[in-house]
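Listed below are the residues making up each chain.
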Amino acid sequence: MTDTRRRRSAEDYYAGLPEFDVAPLWKDLGNLLTREPKVKAVPHLWRYEEIRPQLMEAGEVVTAEEAERRVLMLMNPGLQDRPAPTRAAATNMLYAGLQLVLPGEIAGPHRHTPAALRFIVEGSSAYTTVQGERTLMEFGDMVLTPNWAIHDHGNESDEPMIWLDGLDIPLVNSLEATFFEDFGDDPQELTKPIDASARTLAAGRLNPPEQREWNKLYSPVVNYPWKQTEQTLKNTAQDTKGTPTDGVIFEYTNPYTGGPVMPTMSCYIQLLAPGMHTEAHRHTSSAVYHVARGSGYSIIGGQKIEWEEKDTFALPGWAVHEHVNGSSSDEAILFSFTDEPVLRALGLYREAGRERQG
Ligand code: 1HN
């Protein structure tokens with residue numbers, strides 16, 4: 001039997017498809033399969049000099065208890081057309097924020113599946129307790145709050161404490177795997193000695209028998225103290241300028257595996273010798289950088305980002321970048337956290353050297 005219907009115009013055909021909840025792949029292929037990553041996040045600098053007064057004013061507007069966490073989130077301008085659960089992002093899959101805890105304040109215990117890390121920017125001796133282990137935090141300490149670990153903060157010192165929060169929230173919300181549980185306003189009970197993990201695992205090479213039973217995907221260390229980190233950088237910088245693209249660089253590791261500190265985020269610390277201008281490269285992972293010491297600039301995707309101590313800046317995925325220590329006498333030290341472990345685990349990590357941009 002022959003079909004006697006007149007064929008509809010192509011236009012009518014396309015107009016009718018949404019009714020069936022289908023769409024023609026051939027119209028969309030170029031958007032779905034790009035030759036290389038199309039990255040929406042932009043290179044961006046958050047100047048501490050500008051953000052700090054805003055954060056201190058938050059200290060007058062809201063208490064830590066009211067706020068639950070008094071944080072100014074670092075919002076990447078390229079990502080602001082996203083829906084709320086993933087808009088709070090410094091790069092595609094990484095969240096960053098600056099948190100203030102004033103003397104006498106408590107931020108009560110809770111837990112969530114997004115993982116967190118802190119890098120201490122200012123203040124001394126405020127605490128974070130993670131799963132019953134309390135740590136007293138100093139400048140440059142790196143503190144882990146892994147997936148589902150109960151954590152609370154308090155400041156029993158007489159100075160404000162400010163730290164950089166790094167979380168994998170945009171990733172976990174994209175995966176629709178966020179859970180959250182609140183435990184009220186009182187600090188959690190301490191079940192371990194203060195700084196137990198930092199003291200026991202300080203050498204990074206001596207592991208207790210507990211190593212054999214550890215079945216978590218994250219590092220057992222709560223605090224990676226700045227004293228050791230800086231000493232290791234300085235000792236090494238006496239012997240070598242390090243790698244061409246990153247200078248003297250160390251990854252913070254899980255001492256039980258040698259791998260990244262958490263399955264979704266890895267942390268690095270790097271020292272750029274005076275006057276160093278690194279080679280340019282790019283990789284599919286993105287990163288948030290924080291300037292621990294010194295000043296200089298990075299060229300990211302052709303854009304010059306001039307940074308000073310305590311500034312934070314975003315490196316979008318696949319953006320060509322190079323770093324320059326602007327001082328001919330002082331070292332520069334950059335902390336960073338990255339989504340690299342996710343890309344590596346999924347076979348999506350790629351890296352390529354490029355010509356310098358400046
Ligand atoms: C959180 O739990 C903290 O515990 C900081 O200090 C920032 C951002 C989003 C969700 C949870 C904290 C956070 C957070």
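Draft legend 1. Region of interest: the sheet that holds strand β4 (residues 106–112). Across the sheet, which stays open at both edges, the five strands sit in the order β7-β6-β9-β4-β11 with antiparallel pairing between neighbours. Edge strands, defined here as strands with exactly one partner in the open sheet, are β7 (133–137) and β11 (180–182). Going from strand to strand, the sheet's axes swing by 20° on average, the running direction of each strand aside.

Draft legend 2. Quick peek at the site of the ligand. In the vicinity of the ligand, the contacting residues are Arg69, Tyr95, Gln99, His110, His112, Arg118, His151, His153, Asp165, Leu167 and Ile169. A distance of 2.7 Å separates an oxygen atom of the ligand from a polar side-chain atom of Arg69. At 3.2 Å, a side-chain N or O of Arg118 approaches an oxygen atom of the ligand. The protein chains hide 85% of the 330 Å² of surface that the ligand would expose on its own. Residue assignment for the shell around the ligand shows that the elements contributing at least two residues are β3 (95–101), β4, β9 (151–154) and β10 (161–167). Residue classes in the shell around the ligand are distributed as three nonpolar, five polar and three charged.

Draft legend 3. Here's a closer look at the sheet that holds β10. Strand order across the open sheet formed by six strands is β2-β3-β10-β5-β8-β12, with antiparallel pairing between neighbours. Of all strands in the sheet, those bounded by a partner on one side alone are β2 (71–73) and β12 (223–224). Packed on one face of the sheet, helix α3 (residues 48–61) meets β2, β3, β5 (116–122) and β10 and runs near 50° to β3.

Draft legend 4. Region of the structure containing α3. Relative to the 20 Å expected for 14 residues at 1.5 Å per residue, α3 spans 20 Å between its end C-alpha atoms, a close match to the ideal helical length. Among the residues of α3, those classed as buried are Tyr48, Ile51, Leu55, Ala58 and Gly59. Taken end-on, α3 shows its buried residues confined to a sector of 105°, consistent with a single buried face. What points out from α3, more than 90 degrees from its buried face, is the exposed set Glu49, Glu60 and Val61.

Draft legend 5. Expanded view of unusual backbone geometry. Despite not being glycine, Trp148 has its phi angle at roughly 70°, a positive value. In the Ramachandran plot, Asp195 falls in the positive-phi region, its phi being about 55° despite a non-glycine side chain. Looking at the element boundaries, Asp195 is found in the loop between β11 and α7 (196–200). A relative accessible area of 16% places Asp195 in the buried class.

Draft legend 6. Spotlight on the nonpolar core. Core analysis: the biggest nonpolar cluster contains 41 residues, and Leu117, Phe119, Met142, Tyr252, Phe335 and Phe337 have the highest contact counts within it. Those residues in contact with Met142 that lie beyond four places of it in its chain are Leu117, Arg118, Phe119, Val222, Asn223, Tyr224, Tyr252, Cys267 and Phe335. Of all hydrophobic cores here, the second largest spans 13 residues; its members include Val291, Phe313, Ala319 and Leu334.

Draft legend 7. Summary view of the pattern of salt bridges. Applying the stated criterion to the full structure yields 12 salt bridges. Notably, a salt bridge pairs Glu279 with Arg356, separated by 3.4 Å at the nearest N-O pair. On the criterion of sequence distance, the pair formed by Glu279 in the loop between β14 (266–272) and β15 (280–283) and Arg356 in the segment after β22 (351–354) is long-range, its members being 77 residues apart. With a relative accessible area of 38%, Glu279 lands in the partly exposed category. Overall, the relative accessible area of 38% leaves Arg356 in the partly exposed class. When salt bridges that share partners are traced, they join Glu230, Lys234, Arg293 and Glu331 into one network.

Thresholds, definitions, all that
Residues numbered from 1 in each chain as written. Predicted model: local features only at pLDDT ≥ 70, side-chain atom pairs only at ≥ 80, totals over all residues. Heavy atoms only, no water. Pairing = 2+ DSSP bridges. Helix = DSSP H or I, 4+ residues; strand = E, 2+ residues; numbered from the N terminus. Axes fitted to C-alpha atoms, helices over the stretch in contact; angles between N-to-C directions. Near = heavy atom within 4 Å. Polar contact = N/O pair within 3.5 Å; in protein donor to acceptor, adjacent residues only side chain to side chain. Areas by Shrake-Rupley, 256 points an atom, 1.4 Å probe, with all protein chains shown as cover. Nonpolar A, V, L, I, M, F, W, Y, C, P; charged D, E, K, R; others polar. Contact = heavy atoms within 4.5 Å. Expected span 1.5 Å × (residues − 1). Buried < 20%, exposed > 50% of the residue type's maximum accessible area, 1.4 Å probe, protein only. Arc of directions from axis to C-beta. Core = buried A, V, L, I, M, F, W, Y, C linked by side-chain atoms within 4.5 Å. Salt bridge = Lys/Arg side-chain N within 4 Å of Asp/Glu carboxyl O.

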